[in-house]
Structures are given as C-alpha cells and as structure tokens.
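Structural characterization, general
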Amino acid sequence: MDVLRVYGHAMSRNSARTPADRRMRRMSLSLAAAGLPVCVLGVVYDAMWLLGVGAWLLIAAVLIELVYRP
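Just so it is clear, the structure is predicted and the values come from calculations on it, not from any experiment.

**So, the UniProt feature "transmembrane region" (unreviewed entry) in the chain**
Residues annotated by UniProt as "transmembrane region" (unreviewed entry) correspond here to residues 27-45 and 51-68. A helix fraction of 95% and a strand fraction of 0% characterise residues 27-45, whose end C-alpha atoms lie 27 Å from each other. This span, residues 51-68, is 94% helix and 0% strand, and a straight line between its end C-alpha atoms measures 26 Å.

Given below as structure tokens:
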C-alpha cells in the first residue's frame, strides 16, 4: 500500500510554481498575444510575410507550451 501512496503523491500536480515556470508561461502567452494580431494584419493587408511572421510566433508559443510543461 505504501508504493501506491508514494506514486500517487509523486504523480499529483504541484500547485506551487517557480519563478522560471511563471516566466516561461508569460513568454508563451506573450508570443501568442503578439502572433495573433500579426496574423490578422497579414490576412487583412494580404501580406504573406506578415502572415508568416505571425504563424511563426504562434508556432513558437505552442512549442514552448508543449515542451516546457511545469
């Protein structure tokens, strides 16, 4: 029974976030917040380079969120 309790405790999500966790979360959110309007501007002005920059900003935000999961 001790083994289940130890693994259950290790598998539970820790609610305390470190400053590095908050910094990475903020970076991911700011990349997404910057990428979305740039994509919209690219579509509105029919500028492929703006659409590409916005897409890469969104891709970077998603990759950070997927790879760096606190």
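Let us keep going from here.
**A short note on the side chain of Glu65**
For Glu65, the location among the structural elements is in helix H3 (residues 48-67). Each residue touching Glu65, except ones within four places of it in the same chain, is listed here: Arg25 and Ser28.

**Notes on the pattern of salt bridges**
Enumeration over the complete set of coordinates arrives at one salt bridge. Here Glu65 and Arg25 are joined by a salt bridge, their closest N and O atoms 2.7 Å apart. In this pair, Glu65 is assigned in helix H3 and Arg25 in helix H2 (residues 19-44), connecting sequence segments 40 residues apart. When its relative accessible area of 39% is taken as the criterion, Arg25 is described as partly exposed.

**A word on a nonpolar patch on the surface**
On the surface, Trp56, Ile59, Val62, Leu63, Leu66 and Val67 cluster together into a nonpolar patch covering about 670 Å² of accessible area. The residue Ile59 is located in helix H3 in this model.

**Notes on the side chain of Ser28**
Within the secondary structure, Ser28 is located in helix H2. A relative accessible area of 5% places Ser28 in the buried class. Ignoring sequence-local partners within four residues, the contact set of Ser28 consists of Ala61, Ile64 and Glu65.

**Considerations on the packing of H2 against H3**
Two elements in contact, H2 and H3, have axes whose closest approach is 7 Å; the angle formed by their N-to-C orientations is 155°. In terms of axis orientation, H2 runs roughly antiparallel to H3. Here H2 and H3 pass one another in a crossing that is left-handed.

How each quantity is defined
- Residues numbered from 1 in each chain as written.
- Predicted model: local features only at pLDDT ≥ 70, side-chain atom pairs only at ≥ 80, totals over all residues.
- Heavy atoms only, no water.
- UniProt positions renumbered as here; feature names shortened; annotations may be inferred.
- Helix = DSSP H or I, 4+ residues; strand = E, 2+ residues; numbered from the N terminus.
- Contact = heavy atoms within 4.5 Å.
- Salt bridge = Lys/Arg side-chain N within 4 Å of Asp/Glu carboxyl O.
- Buried < 20%, exposed > 50% of the residue type's maximum accessible area, 1.4 Å probe, protein only.
- Patch = residues over 30% accessible without salt bridge, like charges linked within 9 Å, V, L, I, M, F, W, Y side chains within 5 Å.
- Areas by Shrake-Rupley, 256 points an atom, 1.4 Å probe, with all protein chains shown as cover.
- Axes fitted to C-alpha atoms, helices over the stretch in contact; angles between N-to-C directions.
- Parallel < 35°, antiparallel > 145°, perpendicular 65-115°, else oblique.
- Left-handed = near helix turned anticlockwise from the far one by under 90°.

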